[in-house]
Amino acid sequence: MVSISVTQLLEGSGARPKKGLGAVFGLNSDSRRIEPGDIFFALPGAKVHGNQFIKDAVDRGALAVVTDHAPPGDPGVPVIIVKDARAAYARAASRVFEPQPEILVAVTGTNGKTSVASFVRQIWDHAGVPGASIGTLGIETSKRTIEGALTTPDSRTLHQAMRALKAQGVDHVALEASSHGLDQHRLDGVHFEAVAFTNLSRDHLDYHKDMDEYRNAKLRLFTDLLVDGGAAIVNVDDPEHEQFMFAALSASATLLTVGREGAYIEILSIEPEGYGQRVEVRHIGEKVSFHLRIPGEFQVSNALIAAALAMSAGVDKADAFGALPELVGARGRLELVAEHNGAAIFVDYSHKPEALRVALQTLRPYAKNKLHVVFGCGGDRDKGKRPQMGEIASELADVVIVTDDNPRTEDAAAIRAEVLAGAKGASEIADRKTAIESAVKALKPGDVLLVAGKGHETYQIIGTTKSHFSDHEVVEAAVKG
């Protein structure tokens, strides 16, 4: 970490320079991780403000404090007031952890972010360009995966990781931009060559007060973080696409639309082929046909959005489309995990109403007999979606088992009851392992089973205890057993 002046660190934050403050070597918003000579950023939190931890930070050697309002009393070090402490922290982190990769792209939307980011990385790999993806699955390169805790990491973690990637020779990075991360300015200080929108549906209303606030958070990727003249890829098949198109145009971006009505990439046809699909598109007037070995029309959209992002960042058209038949689905994203007794078993991360609907609709054509689903809803999250998901499951699947999925500090039985209120005719098996085993045992030739909700996750949270649990492992054990 190089030294940097406080004036440089806080450039653009509106802060007045403090007399007597020299260079600093680090920064942190976690008082427990402060080292002598660091600056402590006291950020507003969901429950408490960082000002409460100033004393701890100073005791550990903080040189100064940056906050959005004056703390009570005199902490004994300079206090710098800024309008937006989160944005100032993100921009400061980008300056402390230089140099960064040169080519950065990002994708936002309710669903599909993980797949798009992973697909972009795979396209880069196919084109011989060392790339990485950062998001829900952590930090992925062709050589390794480092698991992460957040879809969009906190600013310090993000910029530290990107500097490490740069040092490893990775100059191309695709990021997932979550509504939380955008609303909390975690990506401020990052400049994207291209950005993309997948879709928008109900989600995170335990955090955002309504859909307008949720949408506006995602729009920041287009209005605030795209470089001048950068590319904005929009999925025009989603009903919410217009506001993202307008945001792109208002930012003077190069607008590239993808979908059945797409002008840049137009989807002409999608036909099932094995557990994948044969796709024909028109790209700027030229027809292109390819086989995508991943099921789901939404995955066709994700793959084409990824191709558009990659091409916008310099990948040749032949390399971008040539990579699509080689794409592998992101772990836990409508992933074919096993075949048993003539039936197929998929694991998917769908834990929102629209995602569950799409997953079930996608798998229906592959179910020559019955379509089964095992799912639950998380605790301490949006309660309104529980009966909705129950209704969707009972409407689209033939056999429904409602079970637990990270009940957290809520009563698990109460959560299941709220789901079952919408899931007419569904069975209830509280223990998730038992529920999956029961579903696997019931499979007949031609059936399809969807285990939904956890996807790539390898844990179950009951109360405040996080224990190891993997849908993949339970399915595989049940099939072997």
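Quick notes on the rules
Residues numbered from 1 in each chain as written. Predicted model: local features only at pLDDT ≥ 70, side-chain atom pairs only at ≥ 80, totals over all residues. Heavy atoms only, no water. Helix = DSSP H or I, 4+ residues; strand = E, 2+ residues; numbered from the N terminus. Rg over C-alpha atoms; globule rule 2.2 N^0.38 Å. Buried < 20%, exposed > 50% of the residue type's maximum accessible area, 1.4 Å probe, protein only. Contact = heavy atoms within 4.5 Å. Areas by Shrake-Rupley, 256 points an atom, 1.4 Å probe, with all protein chains shown as cover. Salt bridge = Lys/Arg side-chain N within 4 Å of Asp/Glu carboxyl O. UniProt positions renumbered as here; feature names shortened; annotations may be inferred. Polar contact = N/O pair within 3.5 Å; in protein donor to acceptor, adjacent residues only side chain to side chain. Phe/Tyr/Trp six-rings, centres within 6.5 Å; stacked < 30°, edge-to-face > 60°. Lys NZ or Arg CZ within 6 Å of the ring centre and 35° of its normal.

Undergrad: Would you take a moment to explain the overall build of the chain for this structure?
TA: For the chain, the count of helices and strands is 15 helices and 25 strands. For 481 residues, the compact-globule estimate of 2.2 N^0.38 gives 23 Å, and the chain sits close to it at 24 Å. By principal-axis analysis of the C-alpha atoms, the chain measures approximately 75 × 55 × 40 Å. Across the 481 residues of the chain, 55% fall into the buried class. Taking the contacts inside the chain whose residues are at least 6 apart along the sequence as the reference set, 67% of them involve residues at least 24 apart. By element, 49% of the accessible surface of the chain is carried by carbon and sulfur atoms, the whole surface being about 20,000 Å².

Undergrad: Got a minute to help me understand the pattern of salt bridges in this structure?
TA: Note that side chains of opposite charge can pair when their charged atoms are close. Following the criterion strictly, the structure yields 27 salt bridges and no others. For Lys166, the salt bridge is made with Asp171, and the minimal N-O distance between the two is 3.1 Å. Under the relative-accessibility criterion, Lys166 is labelled partly exposed at 23%. For Asp171, a relative accessible area of 22% corresponds to the partly exposed category. Residues Lys454 and Asp405 are paired through a salt bridge, measuring 3.7 Å at the closest nitrogen-oxygen approach. Of this pair, Lys454 sits in the loop between strand 23 (448–452) and strand 24 (459–462) while Asp405 sits in the loop between strand 21 (399–402) and helix 13 (412–420), and the two are 49 residues apart along the sequence. Among the ionic contacts, a cluster of salt bridges with common partners joins Lys383, Arg386, Glu410 and Glu418.

Undergrad: Would you mind showing me how to read unusual backbone geometry here?
TA: Trans is the prevailing form of peptide bonds, just as negative phi is the prevailing case for residues other than glycine. In this structure, Pro99 follows Glu98 across a cis peptide bond, with omega equal to 0°. Of note, the phi angle at His185 is positive, near 60°, even though the residue is not glycine. Along the chain, His185 turns up in the loop between helix 6 (179–183) and strand 12 (192–197). Of note in the backbone geometry, Arg408 takes a positive phi value of approximately 55° without being a glycine. Here Arg408 shows up in the loop between strand 21 and helix 13.

Undergrad: Explain the UniProt feature "binding site: ATP" (unreviewed entry) in the chain to me, please; I cannot follow it from the model alone.
TA: The positions that UniProt labels "binding site: ATP" (unreviewed entry) are, in the present scheme, Gly109, Thr110, Asn111, Gly112, Lys113, Thr114 and Ser115. Not counting chain neighbours up to four residues away, the residues in contact with Lys113 comprise Val107, Thr108, Thr151, Glu176, Ala177, Ser178 and Lys218. A distance of 2.8 Å separates a polar atom in the side chain of Lys113 from the backbone oxygen of Gly109.

Undergrad: Honestly, the packing of aromatic side chains in this entry has me stumped. Any pointers?
TA: Two descriptors summarise a pair of aromatic rings, namely the distance from one centre to the other and the angle between the planes of the rings. Under the definition given, this model contains five aromatic pairs. Between Tyr275 and Phe346 the ring centres are 6.0 Å apart and the planes differ by 75°, which places this aromatic pair in the edge-to-face class. Residue Tyr275 is located in the loop between strand 15 (265–273) and strand 16 (276–283), and its partner Phe346 is located in strand 19 (residues 343–348); the two are separated by 71 residues in the primary sequence. Judged by relative accessible area, which is 31%, Tyr275 ranks as partly exposed. An angle of 40° between the planes, with centres 5.7 Å apart, marks the rings of Tyr275 and Tyr366 as tilted. Taken as a pair, Tyr275 in the loop between strand 15 and strand 16 and Tyr366 in the loop between helix 11 (353–363) and strand 20 (371–375) lie far apart in primary sequence, 91 residues in all. By way of ring pairs, the aromatic residues Phe197, Phe222 and Phe244 are connected into one cluster. Here the basic side chain of Lys454 rests over the ring of Tyr459, its NZ or CZ set 5.3 Å away from the ring centre. Between Lys466 and the ring centre of Tyr459, over which it is positioned, the NZ or CZ distance is 4.1 Å.

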